[in-house]
Structure formats: structure tokens, C-alpha cells
Amino acid sequence: MMNVREWWRRGSALIWFSGATLGFSLLMILGLVGYIGAKGLGFFWPGAIVASTTAQGPILGEITGQEADKIQFHVGNRDLFGQDYRWVPRAELGPLSTPADAVVVERLEYGPFIGRIRSLEKDGQVLPGDPMETLRRLRPAALAMSRHIRDLDKVEIGGLNRKMEDLRLEMKARPGLEARMAALKARYDAAEARLEVLRAQAASVTVTLEAADGQTKTLPLASVVRLVPSNALGVAGKMGAYLSRLWEFVADDPRESNTEGGIFPAIFGTVMMVLLMSVLVVPLGVLAALYMREYARQGLLLRTLRIAVNNLAGVPSIVFGVFGLGFFVYFVGGGIDRLFFAEKLPAPTFGTGGILWAALTLALLTVPVVIVATEEALAAVPRSQREASLALGATRWQTLWNVVIPGAMPGILTGLILAMARGAGEVAPLMLTGVVKLAPSMPLDGTFPFLHLDRKFMHLGFHIYDVGFQSPNSEAAKPMVFMTALLLLLVVVVLNLFALRLRSRLRARMGGGAF
Amino acid sequence: MQAGDTMTDVEPRQGAPRKTEVPLTDTAVLSAKPLLHIEDVSLFYGPKQALFNIDLEVREHSVMSLIGPSGCGKSTLLRCINRMNDLIPNVRIQGSVKVGDDDIYDPAVDVINLRKRMGMVFQKSNPFPKSIYENVAYGLRIQGVKDRAVLDEAVERSLIASGLWDEVKDRLKESGLGLSGGQQQRLCIARAMAVRPEVLLMDEPCSALDPLATSRIEELIFELKRDYTIVIVTHNMQQAARVSDFTAFFWMGKLIETGLTEMLFTNPRVRMTEDYISGRFG
Ligand SMILES: Nc1ncnc2c1ncn2[C@@H]1O[C@H](COP(=O)(O)OP(=O)(O)O)[C@@H](O)[C@H]1O
Ligand SMILES: [Mg+2]
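This one's a predicted model, so the numbers in the text were calculated from it and none came from an experiment. (Residues numbered from 1 in each chain as written. Chains lettered and ligands numbered in written order. Predicted model: local features only at pLDDT ≥ 70, side-chain atom pairs only at ≥ 80, totals over all residues. Heavy atoms only, no water.)

Undergrad: Any chance you could break down the domain arrangement of chain B for me, citing the residues and the numbers?
TA: Residues and elements named next belong to chain B. As assigned here, chain B comprises domain 1 (1-117 + 199-282) and domain 2 (128-196). Contacts between the two partners involve eleven residues from domain 1 and, on the opposite side, 13 residues from domain 2. Taking both sides of the interface into account, the surface hidden between domain 1 and domain 2 amounts to around 1,000 Å²; carbon and sulfur atoms contribute 70%. Linking domain 1 with domain 2 are one salt bridge. Measuring nitrogen to oxygen at the nearest pair gives 3.2 Å for the salt bridge that ties Arg216 to Glu167. For the interface between domain 1 and domain 2, the tally reads two residue pairs in polar contact (both at pLDDT 80 or more). At the level of elements, strand E7 (199-203) and helix H9 (211-224) are the ones that each hand at least two residues to the side of domain 1 that touches domain 2. Among the elements that make up the side of domain 1 that touches domain 2, the one with the highest residue count is H9 (five residues). Here the side of domain 1 that touches domain 2 is built from residues that sort into nine nonpolar, no polar and two charged. (Domains from an automatic or database assignment. Contact = heavy atoms within 4.5 Å. Buried area = accessible area lost by both parts, 1.4 Å probe. Salt bridge = Lys/Arg side-chain N within 4 Å of Asp/Glu carboxyl O. Polar contact = N/O pair within 3.5 Å; in protein donor to acceptor, adjacent residues only side chain to side chain. Helix = DSSP H or I, 4+ residues; strand = E, 2+ residues; numbered from the N terminus. Nonpolar A, V, L, I, M, F, W, Y, C, P; charged D, E, K, R; others polar.)

Shown next as C-alpha cells:
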């Protein structure tokens, strides 16, 4: 009894308790990241393609779930079977085998096909020889062709389309441009014709696949994205397929209403939105804090203002979204449209959600964090340094600019890091101010003026919501949700590391640990 | 043979502390004309009076030390000379402080300009978190000097004058905060000198330094008085005796006695001064 009391009195209890709490928090975080990582990263690994029989006939697919009395198969072939996943009672299941000729064919439409390759055809004529061999030989050309078609469609025809749109608007204002319009139209038609030829060419080489139940499906070779004969692959081959899938996920555009393909536009949109927000929030927060700390008279009014700023940080983010929509989008954006883009009305340019408005809304949401951090950093700059500067004949403003603000910079960056961490994870306000499920073009690209602040954009956080809850095929989307979440975490971590590095370099330049 | 080799390598040690017996006054300072005139200065921090009717003159190219127990108003008086007290709210000053013929509390006086003429070195060394070079160049940069050659010249001149050049000339780009305490204080002196002030105001510049660094600064002060008029606050009476030509003794905000250092220390006129310098109170 005495011992426990002594133990308590010496504070050991508190040390143990706080240590345990910290350990528990770390464990939760690790668990969270580990769970998401395991669920997401495992998805791309090519599993065995298992063949068996059921009461409804033969079945072929990857085993994706097991319960006491039933097994879940990913059978693919959405176009033939209607659903990708099937639960089969164990009692109905025949013996399992892994046929070496089974393949997963990833294609542009309807999700993966799981089955066997029956034959390859050119202009409807079956090509002789082993179909797998022939397929390997013809695929590089087919892939190059489909890339070519995509480029022609997106870059050339898309570019001509935009030019014609611009010219159409110009013609409203002043006539006499018909000749230019005609020239553009001619080029457009020529490109379209070329595209038609290419498409026909691409469609002439086809592959016929056979599903487990004997149904066949013929599709152009150019629409085959990847071929994974899992059962025939060694570890190296599986690794290759894994990395190739992972790369597609990170670097490609989404397909099939976001349930297939990659999420590159969402990564890009997220990073760009956060950077834009940072560029906006730092001057905003630093100037406000400078005024509050250095110029304003310290008194009741300022104290009230401080409390208000702190409370701003607690306002639910959707409220900021509503404000952003009402003020930035409709009022400011609408005003800009009436002033500068009147010829395009009623189609809005800035008067609709866009990356600029989203970033501004988030900047407003995160500015209290920056203000508080900056105020603390300003207060922490030693008085003696200010005096040294003033004693050398510097004005107050010179002292602020040359000594106080540089000295407070690491603290300001701490504020920015916190703001970025908060801003990158917000979804609700973005849904009102500029995020979309599928953006036709990125906010930064090769067409003038390169940075398109009026464009809508994709965002990882919204992508999670969209794929997870709005997708028609939720079972197929589940791994995508985990992978996207993992990437969102990664983006936040990378952005933070970047800012941390900046801060430590600043500190080193200032003479190490001076702060 | 071995011994002979090493003998030739040994050079006389540079920078070893010299125990200089500083001659207390040279006759030149006696004939120098006064530069600073402090006339009947009283200062109030809010309701509290910190200085009472101070009258003091500081001659050109001389060193004046202000001594007295802590809290007696030495720093306050020093800060009157470059108007640093202006920065403190609710300060009220009466009387006049003149540099040459200019009253520095005249409303027409440009404080910024005044502070350029009055260099200040603080009790705690306070280099900026910038490179050594930028620390010294700071005063010129805020005056708008951009010419690299001018800046280089000023940095080198000031660092040589403060005796720091040989120690830092190869690492001017490194942070000033990486220097030792004594080096930092000499960097601050160089920084103050770079703008060529007329007067150097030093507020206990050695109080945070070890004896070796202190003696370096004291030697420096002795050299600097050729070019500058120096007012130094110190709580160390030996230091006052070593470096200054004149000494002023303060007590509770009042100037008790002032005169040639030699005289004040050997033959004080006021009893209180005698008690203080002999260590009977303080
Ligand atoms: N900023 C200030 N506000 C109010 N009182 C001050 C301030 N600075 C100094 N004082 C007071 O003025 C008196 C003289 O201070 P100071 O000049 O710093 O003394 P010293 O430098 O001789 O130790 C002290 O009593 C001190 O408390
Ligand atoms: Mg003092």
C-alpha cells in the first residue's frame, strides 16, 4: 500500500501512463497506415487463377475472399456475366486447379477478362500458329497504335477544337474571319479522317477470348492494356506485372468511371491545389500576424480579434465551402466573367468552381493556423536583435523586413506545414468550389497560358469518396479506395517533408539551433 | 638536429594575451575639445524617475567610463545618447543632449540619422542570424549601399579594426552565431564600426566574456579611441581603470563624481566614490 503511494507520489505513474498513451497513439497510426497499405498494395499482386466447377458450371478466377462456408471469386468478364465477383458455397465447389493457360486480360472497357486465348485474327481471318506466340509478336505494334490514336485524338484534334472555339467567340465580336475558320475546319476534318483510318486499322487485328463457360468475346488487340498469365509466371514475372500495374495506377488517367486505370490527374490536382493554397495562405497569414503583433495597439480589441481568429479554425469546413461558393465563385468569379469574359457568357469561365477558388477557400480555412504560428514566431525573435538593427539606424520597417521576418521564418514554415496538412485532407469545401469526378484537362498543361486557374480539377480525397461511394461496382472499387487513401497520405507526407527540409535548411543557415 | 629544425618553425606567438599596463591618460585627451554635452538630463520611466539632473561632457577621442552599482541608471544614460529610449513607451526626458552643437532631442533631428552617428554595442552580444559578412554589411545595406566593392572594403576594414579579420576571413559566409562569445562581441563591434560612426556606445561589452576575451576587447578599445569617441558602461572597476581616460560614478540615478580616471581612482573627492571603488559597498 505504502509502495503504491510512494510510486504515485514520485510521478512514476504519470511517466508510465504518458509513455503508454504515446505508444498507443503510435500503434494506432501504424495500424491505420499498415491496414490501408496491406489492403491497397496487395491488390496489384497477380494471384493464382483458380479453375473449378460449381452447380452453375465451370468457374475461373482469382480467390479474393474466404469464409467458413463460401469462397469469393473474382471472375471478371463483366460484359458476359454481369458481375465481377461471385460467392460460391464450398459444398458446391469441385476440386481446385490452376491451369497454366489461364490469363487475366486487362482491357479498356468492361474491366478485366479472365479466361483463355483462343485465336488471333486479321480482318476476320484466323492467324496460324500458337495464339499466345502471335499475340506476343503483334502486341507492341498494337500498343504503339493505340498510343498514337490517343495522342491524335487528345492533342491534335483537341487543340484544333479549342482553337475553333476561340475563333468562334472572336467572330462574334468582329466579322471577316470566315477564311481562317474554314482553314481550321479543313485541318480538323483531315485529322478526323486520319483518326478514322487509324481506328479501322487498329480494329482489324482482333483477339478472341474464351471464358470459363465457353462464351467467347472478340475485341481489338489495341484495346488490350495488359496480359497477365499469372499461373505461368515466376516471381520475377509477377513482380513485373505488379510494378507495371502500380505504375499505371500512379501515372495514368482513370478509366471506366474511375474504377480502372490510374489516378494521376487526382495526384496532380491535389499537389497543385495544396501548393496554390500555400502560395496564397502564407502572405495572407504573415501580413495579418505582422499587423497584429507589430503595429496594432495591444488591447481589448486585439484580444477579441485573436479569439475570433482562433475560433475561425474551429468552423466546420463545409461552412467555408458554402462561403467560397457564394463569395468567390458567384460574386467574385461572376464579376470577373462579366468584366473580362462577357463574350463567353452565359457559359461561365471564372463564375464556376475552379482550382483558384478552391485554393482560396482552403487558404481562408487554414489561415488561422498560419497567423497563430507567425505571431508566436515574431514574438520569439529576440528583442536584442531588433535593438541592434535599430541602433544601426534601421527604420522599423527595415528591421522587420531584414531581421524579424527572416528570424521568424522557421516558425512561419511550421505554420505552413500545419496548414498544408490540414488543407490537403479537406474534401467537403472542395466539392462546392471546384473539384470534379473527372476533369477533361489539367489545370497546368502545354496550352497557353499554361496555368489555367479557372479549370476544375480532380482531388485524391474526393476520389476516395467518389470511387468508394458513388461507384456502380463497389466491390471492384474497394482496393482503389485503399490505394487512393495510401497515395493521399503519401502526398501529404511528401509535401510536409519538403517544407520540413526547407525549414531545417533555413535554420542551418541561421546558425544552427538559434530558434 | 631535430631540435634545430623545430626551432626554425617556431614563430613568436600571435594573439597571445599581452598584459598591457595601459598608461592612464595621455596628454592629448586633456586638450581635446568636448564632443558630447549632456546638460541637466532627467529621465522618467512613467512615474518613476531614473536619472536626476545629469551634467556630463565627453571629449573627442577619449574613453569615458560610466560606473556605479547595478540599477543606478548607467544604461539609461547611455541610451539617451542615441535615443534608444524613444522605443520604450511612457518615457519622458528633460534637459538636453548635444553632439557638437546639435541638440539631438530637437524635433527636427532625424533619429535614424543620429543612430548612424552613434554606434552601439550591447551587453549581450547580439549578432543577427546571418553570415559574418552580412552582419558587418548590415548597416550599409540598410543605407542602400549595393556596390559590392564598397561593401567588401567596409567589411574588411571593420573586421580588421575589431581584430577579427584573421580569424574569420576564410569563413565570411558562415553564420555569425557560430562564433565564440568573444568573437561574437567583436563581430558586433565591427558591425557598429562599419557605418563609420563618430561615437561608440558600449553597454558592459565584456560582462558575458571570459578574461581572455575581455582583455582582447580592452586592447581593442584602446586602439579604437584614435578614431572614435567612446562611452563605456562597466561594473568592473579594474576595467574602467584600464581602458578609460575619464570616469563618471553614478548612484541611484545621480551623477556623484566625474573626472580623470587616474584622479578619480587615486584621489576621489567624494566619500561615496571612495567607498564604492574600494569595494565597501556596491
Ligand atoms: N524599460 C524600463 N522601464 C521601467 N524602468 C526601467 C526600464 N529600464 C530601466 N528601468 C529602471 O531604471 C533604473 C536604471 O536602470 P538601468 O539604466 O538599466 O541601470 P544600470 O544599467 O545602471 O544597471 C532601474 O531602477 C531600472 O529598474
Ligand atoms: Mg545596465
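That was the structure; now back to the text.
Undergrad: Describe in detail the interface of chain B and chain A, supporting the description with residues and values.
TA: Quoted interface sizes are often the accessible area lost when the parts come together. The partner chain A presents 21 residues to the 21 residues of chain B that form the contact. Counting each side, the surface lost to burial between chain B and chain A is near 1,800 Å², with a carbon and sulfur contribution of 63%. Our count for the chain B to chain A interface comes out at one salt bridge. Where Glu387 of chain A meets Arg79 of chain B, a salt bridge forms, and the shortest distance between an N and an O atom there is 3.0 Å. Counting across the interface, chain B meets chain A through six residue pairs in polar contact (both at pLDDT 80 or more). If you list the elements that add at least two residues to the side of chain B that touches chain A, you get helix H4 (111-117), strand E6 (118-121), helix H5 (132-142) and helix H8 (181-193) of chain B. The residue makeup of the side of chain B that touches chain A, split by class, is 13 nonpolar, three polar and five charged.

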